[in-house]
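# What the coordinates show
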Amino acid sequence: MAGVVTPPDAGSRPVALVRRPGPRLAEGLVTHVERSPVDVDRALEQWQAYAGALSDAGWEVVEVEPADDCPDAVFVEDAVVVHGDLAVLTRPGAPERRDEVAGVERAVRGLGLRVATIEAPGTLDGGDVLRTGGTAYVGVGGRTNGVGVQQLAVHLREFGVRVQAVPVTRALHLKSACTALPDGTVVGWGPVVDDKEAFPRYEDVPEEGGAHVVVVGEGHLLMATSAPRTAASFRSRGHEVTEVDIGELEKLEGCVTCLSVRVRGGGR
Ligand SMILES: NC(=O)NCCC[C@H](N)C(=O)O
């Protein structure tokens, strides 16, 4: 498949972990949207194009072993938070998703990362962890609880990261509601951002999908095609924007951020 290598081989490019969607994808959880039929073959094509876009942007794309019994495994970001050379394996808030973590652990160990864990009664989903400017904002109220935030803070203390809990009640994850541009501006879909004041710089975007940006290079953003007006506005501000259609994955409340875990430096 274009752009994807399975075993990690030594190289200087930063690594992006991805996990291919399995045959049970259409059974994935939905919380804030109505369930609609998912075309699994089309989702696989869209995922391949997403992985290809990361590769084209300079990332070494490494596949986590498939987890065919876990419908939501493609949303690999939720199973691990990688900071420097440390991989914090999560304890997903949805019990249905906890079996996803074992394969992700093997992948991060294979990359040479150190491993820490979130333990019961803590819960944490990677999609709730928004890092920008030395702070990790962690969404609490959906899949992540306060104990999970405290445990993450302990794990990230060695990096000098400030951890701040923020409420999430209107979206699945914090990063379903907002993400950050390279300059630290948090961009969000207003109707689902609980506390805009939590961020030093915050801006509304005109489309829900516009709240999801992955910074894949200097000034280079990866976004979904579902937010063309936001993409145009970011381009007019000097960003390069690559757009990918992830429509089948959006039906399961997925977004561009949750389909990969970016490992910048560290590990090997
Ligand atoms: N970080 C994310 O936004 N992950 C999306 C997870 C979607 C999945 N259907 C779930 O409900 O867990």
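Residues numbered from 1 in each chain as written. Predicted model: local features only at pLDDT ≥ 70, side-chain atom pairs only at ≥ 80, totals over all residues. Heavy atoms only, no water.

Labelled according to an unreviewed UniProt entry, the protein chain appears under the name N(G),N(G)-dimethylarginine dimethylaminohydrolase, originating from Fodinibacter luteus. What UniProt states about the protein chain under its Sequence similarities (unreviewed entry) heading is, verbatim, "Belongs to the DDAH family." (UniProt positions renumbered as here; feature names shortened; annotations may be inferred.)

With mixed pairing, 3 strands are arranged side by side in an open sheet as β2-β1-β15. Two strands close off the open sheet at either side, each with one partner strand: β2 (60-63) and β15 (261-263). With strand direction ignored, the average angle separating the axes of adjacent strands in the sheet is 25 degrees. Inspection of the sheet shows strand β1 (residues 15-18) paired to β15 by 3 bridges, in the antiparallel sense. Counted as the bridge partner of Leu-17 is Val-261 from β15. (Pairing = 2+ DSSP bridges. Helix = DSSP H or I, 4+ residues; strand = E, 2+ residues; numbered from the N terminus. Axes fitted to C-alpha atoms, helices over the stretch in contact; angles between N-to-C directions.)

The next point concerns the packing of aromatic side chains. Aromatic ring pairs: the centre-centre distance and the angle between the two ring planes describe each pair. On inspection of all chains with the given rule, the structure shows 2 aromatic pairs. Considering the side-chain rings of Tyr-137 and Phe-199, the 4.9 Å spacing of their centres and the 70 degrees angle between planes classify their relative orientation as edge-to-face. Here the residue Tyr-137 occupies a position in strand β7 (residues 135-140), and Phe-199 occupies one in the loop between β10 (186-188) and β11 (202-204), the gap between them amounting to 62 residues. The burial state of Tyr-137 is the same as that of Phe-199; both residues are buried. Relative to Tyr-202, the ring of Phe-199 lies with its centre 6.4 Å away and its plane at 20 degrees, an arrangement referred to as stacked. Of the two residues examined, Phe-199 and Tyr-202, each falls in the buried class. Each member of the aromatic cluster is reached from another via a ring pair, and the members are Tyr-137, Phe-199 and Tyr-202. (Phe/Tyr/Trp six-rings, centres within 6.5 Å; stacked < 30°, edge-to-face > 60°. Buried < 20%, exposed > 50% of the residue type's maximum accessible area, 1.4 Å probe, protein only.)

A few words now on the environment of Val-216. With respect to the element layout, Val-216 can be found in strand β12 (residues 214-217). For Val-216, a relative accessible area of 6% puts it in the buried group. For the pair Val-216 and Leu-54, spaced 162 residues apart in sequence, the C-alpha separation works out to 7.2 Å. In contact with Val-216, other than residues within four places in its own chain, are Leu-54, Ala-57, Trp-59, Leu-221 and Leu-222. (Contact = heavy atoms within 4.5 Å.)

Counted as a void, the largest pocket has a volume near 730 Å³. For the lining of the largest pocket, the elements supplying multiple residues, two or more each, are β3 (80-83), β6 (129-132), β9 (178-180), β12 and β15. In terms of residue class, the lining of the largest pocket is built from 14 nonpolar, 11 polar and 5 charged. Around the second largest pocket, the lining is made up of 18 residues, and of these Val-33, Glu-208, His-212, Glu-250 and Glu-253 lie nearest the centre. Residue composition of the lining of the second largest pocket, by class: 5 nonpolar, 7 polar and 6 charged. (1 Å grid on protein atoms, 1.4 Å probe; cavity = no way out; pocket = protein on both sides within 12 Å on 5 of 7 lines; lining within 4 Å. Points joined across faces, edges and corners; volume = space filled by probe spheres on them. Nonpolar A, V, L, I, M, F, W, Y, C, P; charged D, E, K, R; others polar.)

Around the ligand, a shell composed of 15 residues is seen, among which Leu-29, Asp-72, Arg-97, Arg-143 and Leu-252 lie nearest. Computed on the free molecule, the ligand has an accessible area of 340 Å², of which 99% lies beneath the protein chains in the complex. A molecule is said to occupy a pocket when more than half its atoms come within 2 Å of that pocket's grid points, and by this definition the ligand occupies the largest cavity. Looking at the shell around the ligand residue by residue, the class counts come to 6 nonpolar, 3 polar and 6 charged. (Near = heavy atom within 4 Å. Areas by Shrake-Rupley, 256 points an atom, 1.4 Å probe, with all protein chains shown as cover. Sits in = over half its atoms within 2 Å of the grid points.)

On to the confidence of the model for the protein chain. Confidence in the prediction of the protein chain, expressed as mean pLDDT, is 94, and 94% of residues score 70 or more. Counting contacts from residues 1-8, a segment whose pLDDT is below 50, to residues more than four positions away or on other chains yields 22 contacts. (pLDDT = per-residue confidence, 0-100.)

Moving on to the nonpolar core. Formed by 26 residues in total, the largest nonpolar core has its most connected members in Tyr-50, Leu-54, Leu-222, Ile-246 and Leu-249. Only β1, α1 (40-56), β12 and β13 (220-224) provide two or more residues apiece to this core. Among the elements that take part in this core, α1 stands out by supplying 6 residues, more than any other. Those residues within four positions of Leu-222 in sequence are excluded, and the remaining contacts are Tyr-50, Ala-53, Leu-54, His-212, Val-213, Val-214, Val-216, Thr-242, Val-244 and Val-256. Grouped together as the second largest cluster of nonpolar side chains are 18 residues, Val-15, Val-82, Leu-89 and Val-263 included. (Core = buried A, V, L, I, M, F, W, Y, C linked by side-chain atoms within 4.5 Å.)

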